Amino acid sequence: MKSLAERSYGSFYWWLLATLFLPIAIPGLVYKLLTKMKEQRNTRHLNGKVVLITGASSGLGEALAHSFFLSGCKVVLAARRKDELERVRKDLLEIHTTVPTHPPIILQLDLSDLNSITAKVQSVLEIHGAIDILVNNGGISVRGDAISTAIDVDIRIMLVNYFGTVAMTKACLPSMMARKEGRIVSISSVQGKFAIPHRSAYSASKHALQAFCDSLRAEVAKDNIKVTLISPGYINTAISMNALTGTGDTYGKMDAATAGGASADDTATSILKAIARDDKDVIMAPIAPRTAYWLRHLMPWLYFWIMKKRAEKLST
């Protein structure tokens, strides 16, 4: 049997614990509960929204198409490969859902053809009358060090990943501003937060996208337009297979890091939740990239040393 002193010490310990941590824990739990309620409410409100997704013919874009379609959205599938878009559309139409669905629309689109983008977006507006959510997912990666990457490759990466996304956004904004409603979602990368060796062109395009979205978010807030930037880590898709080399050839290999990445379906589900929570800027990555992000800002000397060692290893 415990002595009176032991019982008194135990009581004091729990009192001290409650005094110190409950004032912190309770507001945190309340905030989490309210956030979850907001997420569930806004997810229900996705039903019937017009969602235009670029890069919808495969990978994360295809997974996003499934997630939005299952939420009852009017999905517009945009990409260069019409045959793959037809496949995705067929797969969506064969899904048996518990919510009313709408037949997806196919929009054959090349993000590098900047002059055609406004007319492509206008054709969607003529059909649906509005674009509620633009998901800028289309893009291309590269594998090559800065010195041996041809300038034409740098230009092509920037043209698709940055200027194509900017052109899509600018084409959709006027109708959103007129309606005082809309959301721009851009899929970036953790490599838009910090750069790694042999990704200079890709990281530069995503850094530029980060800056554009930060400026845009502030400018269009008065028009009730939301801007969400998603920065995932590696996702198990064909992005490395379709990546360019420094000479402009197709890389054609599955990187080990890409193969071990998060699933496209899980990432798409997390992105929908981020939209429902009205998140502004989200890093969706495991602990290592998150650590690198904070090192870059808090201990840059250590980050630079790690990246130097990484570059040396890749060069051997």
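Along each chain, residues carry numbers from 1 onward, in the same order as the chain's sequence is written. For a predicted model such as this one, the threshold for reporting local features is a pLDDT of at least 70, and the threshold for listing and counting side-chain atom pairs is 80 or more; totals across whole chains, interfaces and linings nevertheless cover every residue. Remark: hydrogens and water are excluded; side-chain values derive from all non-hydrogen atoms of the structure.

- The name given to the chain in an unreviewed UniProt entry is Dehydrogenase/reductase SDR family protein 7-like, with Anopheles farauti as the source organism.
- UniProt positions are given in the numbering used here, feature names are shortened, and annotations may be inferred rather than shown by experiment. According to UniProt, the comment filed for the chain under the heading Sequence similarities (unreviewed entry) is "Belongs to the short-chain dehydrogenases/reductases (SDR) family."
- Reading the Function (unreviewed entry) entry of the UniProt record for the chain gives the comment "Putative oxidoreductase."

1. Digging into the sheet that holds strand β4 (residues 133-136)
Then, in step 1: We treat two strands as partners when DSSP finds at least two bridges between them. Per the convention used, a helix needs a DSSP run of H or I reaching at least four residues, while a strand needs a run of E reaching at least two, with both numbered from the N terminus. Spatial strand order, β3-β2-β1-β4-β6-β7-β9: 7 strands in an open sheet with parallel pairing. Looking at strand neighbours, the two that pair on one side only are β3 (105-108) and β9 (281-284), the edges of this open sheet. Put simply, the sheet's adjacent strands are angled 15° from each other on average, direction ignored.
Then, in step 2: Where strand β1 (residues 50-54) meets β4, 3 bridges bridge the pair, whose relative direction is parallel. Bridge pairing in β4 links Ile-53 to Val-135.
Then, in step 3: Helix α4 (residues 114-128) contacts β1, β2 (74-79) and β3 of the sheet and is inclined by roughly 165° relative to β3. Axis lines are fitted through C-alpha atoms, for helices just across the contact stretch, and the angle between N-to-C directions can take any value from 0 to 180 degrees. The criterion used for residue contact is that any of the two residues' heavy atoms lie within 4.5 Å.

2. Description of the pattern of salt bridges
Any two side chains of opposite charge can pair, given that their charged atoms come close.
Then, in step 1: Take a side-chain nitrogen of Lys or Arg and a carboxyl oxygen of Asp or Glu: if they are within 4 Å of each other, that pair is a salt bridge. Considering all chains together, one arrives at 17 salt bridges under this definition.
Then, in step 2: In this structure, Arg-143 engages Asp-255 in a salt bridge whose closest nitrogen and oxygen atoms are separated by 2.7 Å. One end of the pair, Arg-143, is in strand β5 (residues 142-143); the other, Asp-255, is in the loop between β8 (244-245) and α7 (256-259), and 112 residues separate them in sequence. The exposure classification of Arg-143 matches that of Asp-255, with both residues buried.
Then, in step 3: For Arg-199, the salt bridge is made with Asp-255, and the minimal N-O distance between the two is 3.8 Å. Of this pair, Arg-199 sits in the loop between β6 (182-187) and α6 (200-220) while Asp-255 is found in the loop between β8 and α7, placing the two residues 56 residues apart along the sequence. Burial classification: accessible surface area is computed with a 1.4 Å probe over protein chains only, and a residue below 20% of its type maximum counts as buried, one above 50% as exposed, and the rest as partly exposed.

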